[in-house]
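Per-entry structural report
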Amino acid sequence: MSSGSDAAAPVVADSISRDGGAGSSLSDLLAGSLAGVAVVLVGQPLDTVKTKLQTFRGLYSGPAHCLAHTYRKSGLRGLYAGSSPAMVAGVAENSVLFACYGLCQRAVAAVTGARDAKQMDALSNAVAGCAASVFSSVVLCPAELVKIKLQAGRELAESRGQRFQGSVYRVTKDIVRHHGLGGLFRGLEMTVAREMPSYFCFFGVYEAVREALKPAGRTRADCGLLATTVAGAAGGVLLWTVTFPVDVVKSRIQLDDALPTRGWTMCMLHMYRNEGVVALYSGLAPTLVRCIPSSAVLFLVYEYTKKLFDT
């Protein structure tokens, strides 16, 4: 669930529903990847604000203060910190989801007796999305790790009286030097714990809303751009609301190497006892705001790119 994944799932679902394949179409894959890049360009500033609020609660009075302070301190470069790994994460996640979601859909269809993806109900699609997310977590974790360190590394360094000089290469090199290649997967367990329920909720709500908004006598695949965007936004809001506490803990642990990765549920309980439930939802507001334009941009880029490739 990268910064470009707020609405990545519906693109996959719509593609599978129309074509019945698991990303076998090159145009689907390329369109989804370009859409993921577009979402990062639109949503990255709010994703940066989300990460800072998650990891340094109390440092900023709210999203607006964080956004303004970051811009004054580092300009647009600061707001777009971590964009490169975010784009890598978006493209990689979309690619894996295209492949794995289709395979999982066919497996679920075989078990439930559905003829094809179009005949599957919302629950079946939710289960397929949940299963596919396990595979996407593996490619997503390293990119998110680097992204988070770039987004909130300055605050961490300043809190320790140090100076932060970060780049994708320097951060990655530092992780591998101190922790080996396995260090790039710090937080993988939390990523899986976030992604599985996230995509279960996302696909379930997305398909349920599309079913409700589909034209009379037509299928979900016939939903227009507006209905699809509404469905994606609804799924995105539920996705983040349900699993945001896990994302907060993951961000803190991935940022600060001094925190243990084992027993992250105890870390969440510790946060709740010492900082209250509000701490577990720090940064939720800019995340939910980001869902709407991210969904709209993703579908616009996807649909028009798909038409361009198919002509």
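Structural data are supplied above this passage.
Residues numbered from 1 in each chain as written. Predicted model: local features only at pLDDT ≥ 70, side-chain atom pairs only at ≥ 80, totals over all residues. Heavy atoms only, no water.

**Structural notes on the packing of aromatic side chains**
The final tally for this structure, using the stated rule, is 5 aromatic pairs. With centroids separated by 6.0 Å and ring planes inclined at 65°, the aromatic side chains of W240 and F244 adopt a geometry described as edge-to-face. Taken as a pair, W240 and F244 lie in helix α8 (residues 225-255) at a separation of 4 residues, close to a single helical turn. Each ring, one from F244 and one from Y281, has its centre 6.4 Å from the other, and the planes form 15°; the classification is stacked. Within this pair, whereas F244 is found in helix α8, its partner Y281 is found in the loop between α9 (264-275) and α10 (284-310), the two being separated by 37 residues in sequence. (Phe/Tyr/Trp six-rings, centres within 6.5 Å; stacked < 30°, edge-to-face > 60°. Helix = DSSP H or I, 4+ residues; strand = E, 2+ residues; numbered from the N terminus.)

**Quick word on the nonpolar core**
Among the nonpolar cores identified, the biggest contains 32 residues, and M120, A132, W240, V249, W264, M268 and M271 are the most heavily contacted of them. Within the residue set of this core, elements represented by two or more residues are α4 (83-112), α5 (122-159), α7 (188-213), α8, α9 and α10. With 8 residues, α8 is the single largest residue contributor to this core. In this structure, L145, V146, L150 and V171 belong to the second largest nonpolar core, which totals 6 residues. (Core = buried A, V, L, I, M, F, W, Y, C linked by side-chain atoms within 4.5 Å. Buried < 20%, exposed > 50% of the residue type's maximum accessible area, 1.4 Å probe, protein only.)

**Quick word on helix α6 (residues 168-179)**
Counted at 1.5 Å a residue, the expected span for α6 with its 12 residues is 16 Å, and the 16 Å between its end C-alpha atoms agrees. G180 occupies a position one or two residues after α6 and carries a positive phi of about 75°. (Expected span 1.5 Å × (residues − 1).)

**Describing the side chain of R186**
Looking at the element boundaries, R186 is found in the loop between α6 and α7. Residue class for R186 comes out buried when judged on its relative accessible area of 16%. Separated by 2.4 Å, the side chain of R186 and the backbone oxygen of L259 make a polar contact. In contact with R186, not counting residues within four places along its chain, are C141, L145, I253, Q254, D256, D257, L259 and T261. (Polar contact = N/O pair within 3.5 Å; in protein donor to acceptor, adjacent residues only side chain to side chain. Contact = heavy atoms within 4.5 Å.)

These figures capture arrangement, not role.
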